[in-house]
Amino acid sequence: MKDEILAHLRYSLGKDAGHASVYDWRMALSLSLRDRMVDPWFRSTQASYEKRVKRVYYLSMEFLIGRLVEDIAANLGLVDEARAAMADLGQDYDLLVKDEPDAALGNGGLGRLAACFMDSLATLGIPAMGYGIRYEHGLFEQDFVEGKQVEKAETWLAQRHAWEFERPEVSYQINFGGHVQHQDGKAKWHPHETVLATAYDTPVIGWQGKWANTLRLWSARPQTEFDLASFNRGDYLAASRSEALARTISRVLYPDDTTETGKELRLKQEYFFTAASLQDLLRRFLSDHDNIRDLPEFAAIQLNDTHPAIAGPELIRILVDRHGLGMVESIELARRCLGYTNHTLLPEALERWPEWLLGRVLPRHLEIIRAIEDSQQGQHPGSPRILDHGNVNMGELAFIMAHKVNGVSALHTDLVKSTVFADLHRIHPTRIVNQTNGITPRRWLHGCNPALSTLITREIGDAWPADLDQLRGLRSLAGDKGFLTEFRAAKRTNKERLSNWVSEHCGVAIDPDAMFDIQIKRIHEYKRQHMNILETIALWNDMHANPTAGWTPRVKIFGGKAAPGYHVAKEIIHLINDVARVINTDPVTRDLLKIVYPPNYNVTMAEMLIPAADLSEQISTAGKEASGTGNMKFALNGALTIGTLDGANVEIREHVGAENFFLFGLTAEEVVERRKHPGYARAAIEQSPRLQKVLAQIAEGRFAPQDPGRYHGLVGNLWDHDHFLVSCDFDSYFDTQRRADEAFKNPATWSAMALHNTANVGWFSSDRTVQGYARDIWHVRSALGATLEQSA
Ligand SMILES: *Cc1c(COP(=O)(O)O)cnc(C)c1O
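For clarity, every value in this text was computed on a predicted model and none was experimentally measured.

## Let's talk about the packing of helix H11 (residues 311-322) against helix H14 (residues 363-379)
Here is step 1: In contact at an axis separation of 9 Å, H11 and H14 are set at 95° when each is read in the N-to-C sense. By the angle between their axes, H11 is roughly perpendicular relative to H14. Contact with H11, carried on its side by Pro313, Glu314, Ile316, Arg317, Val320 and Asp321, involves Arg364, His365, Ile368, Ile369 and Ile372 of H14 and no other residues of that element.
Here is step 2: Of the residues in the contact of H11 with H14, the class split is six nonpolar, one polar and four charged.

Following this line, the structure appears as structure tokens:
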């Protein structure tokens, strides 16, 4: 490996060892690891072709990948070798690992799910391709200036991306605008604008390197490169205008995980990557099949949320306008290929495009959507409408065009059936299925938590990363004092690592013996970070009044970004930072309570924080969090959850046992009921002297003395509206936190409870989730047997 690295340094990077920078070494290491993926990758592709197997096409607007060096080295079983090679070369492997920028091509849970699925598909040997956009700028970088979020453009592609292969020959025309001409019963789309989608491929290698799939990301470029005539006339701007316009499409990731609708560029991004992906998969299919009607037997196309929902009309357009099939047959054929995953019930997050906008950007597709609507209304009179009040409802479109629609946790799927898609569910009672989300144990335990995974491997062997149910083998150790001590020591190691990092990066000293209480996720009112900070203030009040009452010392850790246009979320960030400044400098409580909020939460930060957590905050208003996957990562790493009966919390609690989970708050049904009573917030606050006091402190400017009115809006909203029922759940949350305090005082029982979490959440592996999709939606099988036969 050392020779390979040196060869890459010299021949790929053009550097000699004496002058190489950290970047050069990191690239050389990455390229040599990439080399090791190529043969298994080719073998897998070849096996898929020869066996003519059905493939999965996973269409996702986001892939929140994070760093790859360690992940790939681990999957290839090369971590020790890579480390040793770098040491021989006089380089610090850990420093190189840290030099890699996060591939942050996603906002949060949805994009991270797509990345976990890619890892599981490869590990399971399911022939699959992920399709997305190669954003030049991923999710913005967050900084705090005087406690306020400021956003900075992210520039992961400023350096070369080590893992990708550019495929200039894989390019497709993507059309926009113009008009449709109808003649002799045929439609012809005369577009106004055309850009090219060019492929960049990243191999995705599974555990132990047995199978590799492809993540194919599309980059937009102009069809005609450069207007030399304008340039020669001296009009330099005109010369590069069309180029700039085309490239804009894959320039930036929209930084809002809930309300991105209504923007023309966003619609173009969605159509851009969907249309390129469909052209690509059809080309592959037609290269060794001659009957387009066989497509559903060979292609399962999964839509990760409605972002690629235009796939339905686009596929129909190709079948009708290019292949001459009838409209009705094309709708049926397309439906047999498509599956749709719903990720949210929040009304503001359901995509709707103004009909005029969609018709302007995609005129032929609007006609086809009308045909889908007519066909649906013809077969099911009174069916919910796709076209409604001048809007195109992408949820209804995706539902009607999919043969299966899935929710992402048991509770969420029930709510999908009974709320957003209740009428469609009545018409199509077998279409909605559940596939509870999962996480890859390779990244979220084996990779991020060496202390714990070494201990686990010692006890139950090394097969668990590909068969996470084996963690059950740890259950019997919950009564083993010696083992629990080691289990606690692993956690302690991670907490020390985090303490050092926090002291270095946030300038706050925290005590590894305190309870590390962590809430990391996008900032959103439904996720209720504000309830957490209100509880923190209430706790501080009590501690300050009576510092010697035997408190459990706590460190409250927050992490997360707010969408740049989401005002309330930004106020919550500001409040947390303001409160932190006051509490962290209180000499009375200095050994009892600290708040830290490192900026720029991302996958890499998650990998450091989660293994160090004692308590995982999963406190969304019941009925609002579709699943959550952060909750699973924490439980797997031996944190206890304080949480509501929401999303996958419900199933986590069933798996780990009610006695190992701190439950509080209203249920989803009670939330709906409570909202019917006007003034519920005011009534709840008036019954809670503790909450009243906290709200009064904030309103009086206790945490922003130089700007006392800063949070009047936030506090007023809690009194008068409080749509997310912070007021109603506050006391129950506070009391449950105190139960957690009590439990934490006994390290032996706490560790046993934590172990019951790790040992019982094997079911939340994304391997299990992907197998569920393969069985219930895609009807595909592992092809691993095929490669094994071949390489034998
Ligand atoms: C897992 C993950 C999420 C999702 O977290 P939730 O708590 O489920 O919202 C978001 N961002 C990153 C970086 C993650 O790793």
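What follows continues from the structure just given.
## As for the domain arrangement of the protein
Here is step 1: Domain parsing of the protein yields domain 1 (1-51 + 81-101), domain 2 (52-66 + 102-143 + 151-437) and domain 3 (441-672 + 733-764).
Here is step 2: Here the C-alpha centre of domain 3 lies 35 Å away from the C-alpha centre of domain 1.

## Here we look at unusual backbone geometry
Here is step 1: A positive phi angle, near 45°, is found at Arg52, a position not held by glycine.
Here is step 2: Structurally, Arg52 can be placed in the loop between helix H2 (22-51) and strand E1 (55-59).
Here is step 3: When its relative accessible area of 41% is taken as the criterion, Arg52 is described as partly exposed.
Here is step 4: Residue Leu725 is not a glycine yet carries a positive backbone phi of 55°.

## Observations concerning the environment of Arg43
Here is step 1: With respect to the element layout, Arg43 can be found in helix H2.
Here is step 2: Between the C-alpha atom of Arg43 and that of Lys210, which follows or precedes it by 167 residues, the distance is 9.4 Å.

## Considering the packing of aromatic side chains
Here is step 1: Enumeration over the complete set of coordinates arrives at 22 aromatic pairs.
Here is step 2: Both rings, one in Phe399 and one in Phe421, keep their centres 5.1 Å apart while their planes meet at 55°; by these two values the pair is tilted. Here Phe399, found in helix H15 (residues 394-400), pairs with Phe421, found in the loop between helix H16 (410-418) and helix H17 (422-427); they are 22 residues apart in sequence, far enough to count as distant. An identical accessibility class is assigned to Phe399 and Phe421; each is buried.
Here is step 3: Arranged with centres 6.2 Å apart and planes meeting at 40°, the rings of Phe558 and Tyr597 form a pair that is tilted. Placement of the pair is Phe558 in strand E20 (residues 554-559) and Tyr597 in the loop between strand E21 (593-596) and helix H23 (603-609), with a sequence separation of 39 residues. Of the two residues examined, Phe558 and Tyr597, each falls in the buried class.
Here is step 4: One aromatic cluster is present, formed by Tyr57, Tyr131, Tyr172 and Trp218 through successive ring pairs.

## Section: the UniProt feature "modified residue: N6-(pyridoxal phosphate)lysine" (unreviewed entry) in the protein
Here is step 1: UniProt records the feature "modified residue: N6-(pyridoxal phosphate)lysine" (unreviewed entry) for Lys633 in the present numbering.
Here is step 2: By relative accessible area, Lys633 is classed as buried at 7%.

## A word on the pattern of salt bridges
Pairing is possible between side chains of opposite charge, provided their charged atoms come close.
Here is step 1: Taken as a whole and judged by the stated rule, the model has 55 salt bridges.
Here is step 2: In this structure, Glu264 engages Arg360 in a salt bridge whose closest nitrogen and oxygen atoms are separated by 2.4 Å. Highlighted residues: Glu264 in helix H9 (residues 264-288) and Arg360 in helix H13 (residues 355-361), separated in sequence by 96 residues.
Here is step 3: The partner of Lys495 in a salt bridge is Asp614, with the nearest N and O atoms 2.6 Å apart. Here Asp614 lies in the loop between H23 and strand E22 (615-618) and Lys495 lies in helix H20 (residues 481-506), a separation of 119 residues in the sequence. In this structure, Lys495 and Asp614 share a single accessibility class: buried.

## Description of the site of the ligand
Here is step 1: Surrounding the ligand, one finds 15 residues, the nearest of these being Lys521, Lys527, Thr629, Gly630 and Lys633.
Here is step 2: Taking Thr629, its main chain carries an N or O atom lying 2.8 Å from an oxygen atom of the ligand.
Here is step 3: A distance of 3.0 Å is found between an oxygen atom of the ligand and a backbone nitrogen or oxygen belonging to Gly630.
Here is step 4: Contact with the protein chains removes 95% of the 390 Å² of surface that the ligand exposes when unbound.
Here is step 5: Those elements that place two or more of their residues in the shell around the ligand are helix H6 (109-124), H23 and helix H24 (630-636).
Here is step 6: Along the lines of polarity and charge, the residues of the shell around the ligand split into five nonpolar, six polar and four charged.
Here is step 7: Residue-level mapping places the shell around the ligand at the junction of two domains, with at least three residues from each of domain 2 (52-66 + 102-143 + 151-437) and domain 3 (441-672 + 733-764).

## Some remarks on the side chain of Asp614
Here is step 1: Judged by its relative accessible area of 4%, Asp614 is buried.
Here is step 2: A polar atom in the side chain of Asp614 sits 2.8 Å from the backbone nitrogen of Phe516.
Here is step 3: Aside from chain neighbours lying at most four places away, what touches Asp614 is Lys491, Lys495, Ala514, Met515, Phe516, Ala639, Leu640, Phe744 and Trp750.

## Things to note about the sheet that holds strand E15 (residues 387-388)
Here is step 1: Spatial strand order, E14-E16-E15: three strands in an open sheet with antiparallel pairing. In the strand order of this sheet, the two ends are held by strand E14 (352-354) and E15, each with one partner.
Here is step 2: Pairing between E15 and strand E16 (residues 391-393): two bridges, direction antiparallel. Residue pairing across strands places Leu387 opposite Val392, the latter belonging to E16.

## What to know about the sheet that holds strand E12 (residues 299-304)
Here is step 1: Spatially, the nine strands line up as an open sheet ordered E7-E10-E11-E4-E1-E12-E13-E17-E18, and their pairing is mixed. Whereas interior strands pair on both sides, the edge strands pair on one side only; in this sheet they are strand E7 (165-176) and strand E18 (432-434). On average, each strand axis in the sheet is tilted by 25° relative to the strand beside it, whichever way the strands run.
Here is step 2: Pairing of strand E13 (residues 338-341) with strand E17 (residues 404-407), which is carried by three bridges, proceeds in the parallel orientation. Bridging across to E17, Thr341 finds its partner in Asn406.
Here is step 3: Lying on the sheet, H16 is in contact with E17 and E18; it crosses E18 at an angle near 165°.

Analysis parameters
Residues numbered from 1 in each chain as written. Predicted model: local features only at pLDDT ≥ 70, side-chain atom pairs only at ≥ 80, totals over all residues. Heavy atoms only, no water. Axes fitted to C-alpha atoms, helices over the stretch in contact; angles between N-to-C directions. Helix = DSSP H or I, 4+ residues; strand = E, 2+ residues; numbered from the N terminus. Parallel < 35°, antiparallel > 145°, perpendicular 65-115°, else oblique. Contact = heavy atoms within 4.5 Å. Nonpolar A, V, L, I, M, F, W, Y, C, P; charged D, E, K, R; others polar. Domains from an automatic or database assignment. Buried < 20%, exposed > 50% of the residue type's maximum accessible area, 1.4 Å probe, protein only. Phe/Tyr/Trp six-rings, centres within 6.5 Å; stacked < 30°, edge-to-face > 60°. UniProt positions renumbered as here; feature names shortened; annotations may be inferred. Salt bridge = Lys/Arg side-chain N within 4 Å of Asp/Glu carboxyl O. Near = heavy atom within 4 Å. Polar contact = N/O pair within 3.5 Å; in protein donor to acceptor, adjacent residues only side chain to side chain. Areas by Shrake-Rupley, 256 points an atom, 1.4 Å probe, with all protein chains shown as cover. Pairing = 2+ DSSP bridges.

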